[in-house]
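# Examination of the molecular architecture
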Amino acid sequence: ICISQAVHGAVGRKLSFAYQDIGKQQVKNIAEPVHAYRVLLNPDAEPARPRPFSRRYLAAGAAFVMLVAGVAIATWYGPWNPREEPASLERTAALVPERPSIAVLPFQNLSDDPKQEYFSDGITNDIITDLSRFSNLFVIASNSMFTYKGKPVKVEEVARDLGVRYVLEGSVQRVGNRVRINAQLIDATTSLHLWADRYDRDLDDIFAVQDELTASIVSALQITLTEDEQTRLTRQYTDNIEAYDLFLRGRSYLRGTKQTHLQARQLFDEAIELDPTFAAAYAEKSITYFSGFIMPMSRNPEVLEAAVEAAERAEQLDDSLPIVHARLGWVYLASMRHEEAIAEGRRAVALDPNNADSYEIGRAHV
């Protein structure tokens, strides 16, 4: 396996491989020689000496280098692979303009059943998603926030590490058909509570609770919303609570292996069966196929076609959801439909200015 110098610079130190510099190589359909590195899967073994490439292998090599570049960067930055380290203060502060900034800590699961962890995680994700749609609010992505899950943290330290002023923390307790959510918004510069509330409702009211919670935060921070953002404030994925529960369970399996992604797909299918118009479920289903294409790299065109089909179906159902365009951008990227991938990424960013995954589509393309 050989990779270009650009790929080596992007992922060389992030994977447990060694590399042998084989200098510049002439590659078919590329005018200038490409500086290449041989991937040493067994670093302890003596590297093989470079040998001339025959014309037969140049075409296959060029295609493979392009595929490795896309897959390696997409795998590193992809939506299923959470970052292991939270964002640094310097990097985050450089990005935050003169606007309110917030981090949402993973809500604690106070239910007696530890299997309900997916539900509290799902609520956290949805709150982050809802808040990140507002252009006048800077929101730390969920991938960074979940590095704090299960750890004793201080609000001041979180704010300092991530370069934000406000921190939202809370808990979720689900018992039968009842759910209790506690939440509090803290100004880390003063340690004062700007807002706090407790919601004790039937499970069927969970969507209304999320809307009320988001609206309360927007009000407390005095965020100015555009007309479109005011419309999005009360938009939800589905009206079917059972389908929503299956959706949350499915998303909890996306932080795993190819096998867990198969479990996630089954749950998304069950959610779609209950609500055939569930666009977000189709969008996440597309990622389970996408992962089957690259984990490990199967290069099966039928799997990729299924990913595209699910993502495009999601867009047909609801093209106003950022997650739909973000997932469609990733499957277009894997399909080498780069211009369409970038267009979908831009559309996702326009709908969700804090959508980290969408920004990465353009980066992976480059």
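This one's a predicted model, so the numbers in the text were calculated from it and none came from an experiment.

### Notes on the overall build of the protein chain
Across its full length, the protein chain holds 15 helices and 9 strands. Looking at the protein chain residue by residue over its 366 residues, the buried ones come to 50%. Pairs at least 24 residues apart make up 63% of the contacts formed inside the protein chain by residues separated by at least 6 positions. Element-wise, carbon and sulfur atoms account for 49% of the exposed surface of the protein chain, whose accessible area totals about 18,400 Å².

### Examining a nonpolar patch on the surface
A cluster of nonpolar side chains, namely I1, L15, F17 and L41, defines an oily patch on the protein surface of about 370 Å² accessible area. With respect to the helices and strands, the residue I1 is situated in the segment before β1 (2–4). When its relative accessible area of 51% is taken as the criterion, I1 is described as exposed.

### Concerning the environment of L105
Relative to the helices and strands, L105 resides in the loop between β4 (101–104) and β5 (108–109). A relative accessible area of 6% means that L105 is categorised as buried. Expressed as a C-alpha distance, the spacing of L105 and T147, which sit 42 residues apart in the sequence, is 9.5 Å.

### A closer look at the environment of L213
By the secondary structure assignment, L213 is in helix α7 (residues 206–220). Classification of L213 by relative accessible area gives buried; the value is 1%. The sequence separation of L213 and I181 amounts to 32 residues, and the corresponding C-alpha distance is 9.7 Å.

### Quick look at the pairing of strand β7 (residues 166–175)
Counting buried positions over the 10 residues of β7 gives 7, a clear majority of the element. Of the pairings in the sheet, the one linking β4 to β7 comprises 3 bridges and is parallel in character. Directly across from I102, in β7, lies its bridge partner Y166. Two elements, β5 and β7, share 2 bridges in a ladder whose sense is parallel. Opposite N109, over in β7, you have V172 as the bridge partner. In this sheet, strand β8 (residues 178–187) lies alongside β7 in antiparallel orientation, the contact comprising 10 bridges. For Y166, the partnering residue across the bridge sits in β8 and is D187. What sits between the antiparallel neighbours β7 and β8 is a turn of 2 residues, in which G176 has the positive phi angle 60°.

### Quick word on the packing of helix α4 (residues 117–132) against helix α9 (residues 241–252)
The N-to-C vectors of α4 and α9 enclose an angle of 95°; their axes lie 9 Å apart at closest approach. Accordingly, the angle class assigned to the pair α4 and α9 is roughly perpendicular. Contacts from Y118, F119, G122, I123, N125 and D126 of α4 reach α9 at Y244, D245, L248, R249, R251 and S252.

### A word on the pattern of salt bridges
Across all of its chains, the model carries 13 salt bridges by this definition. Across the pair D200 and R178 runs a salt bridge whose closest N-O atoms are separated by 3.2 Å. With a gap of 22 residues between them, D200 in strand β9 (residues 192–202) and R178 in strand β8 connect regions that are remote in the sequence. The partly exposed category is assigned to R178, whose relative accessible area is 38%. A salt bridge links K285 to D269, with the nearest nitrogen and oxygen atoms 2.8 Å apart. In this pair, K285 sits in helix α11 (residues 279–294) while D269 sits in helix α10 (residues 258–274), placing the two residues 16 residues apart along the sequence. When its relative accessible area of 15% is taken as the criterion, K285 is described as buried. Overall, D269 belongs to the partly exposed group, its relative accessible area being 31%. Three or more residues joined by partner-sharing salt bridges are found here, namely R178, R180, D200 and D202.

About the criteria used
Residues numbered from 1 in each chain as written. Predicted model: local features only at pLDDT ≥ 70, side-chain atom pairs only at ≥ 80, totals over all residues. Heavy atoms only, no water. Helix = DSSP H or I, 4+ residues; strand = E, 2+ residues; numbered from the N terminus. Buried < 20%, exposed > 50% of the residue type's maximum accessible area, 1.4 Å probe, protein only. Contact = heavy atoms within 4.5 Å. Areas by Shrake-Rupley, 256 points an atom, 1.4 Å probe, with all protein chains shown as cover. Patch = residues over 30% accessible without salt bridge, like charges linked within 9 Å, V, L, I, M, F, W, Y side chains within 5 Å. Salt bridge = Lys/Arg side-chain N within 4 Å of Asp/Glu carboxyl O. Pairing = 2+ DSSP bridges. Axes fitted to C-alpha atoms, helices over the stretch in contact; angles between N-to-C directions. Parallel < 35°, antiparallel > 145°, perpendicular 65-115°, else oblique.

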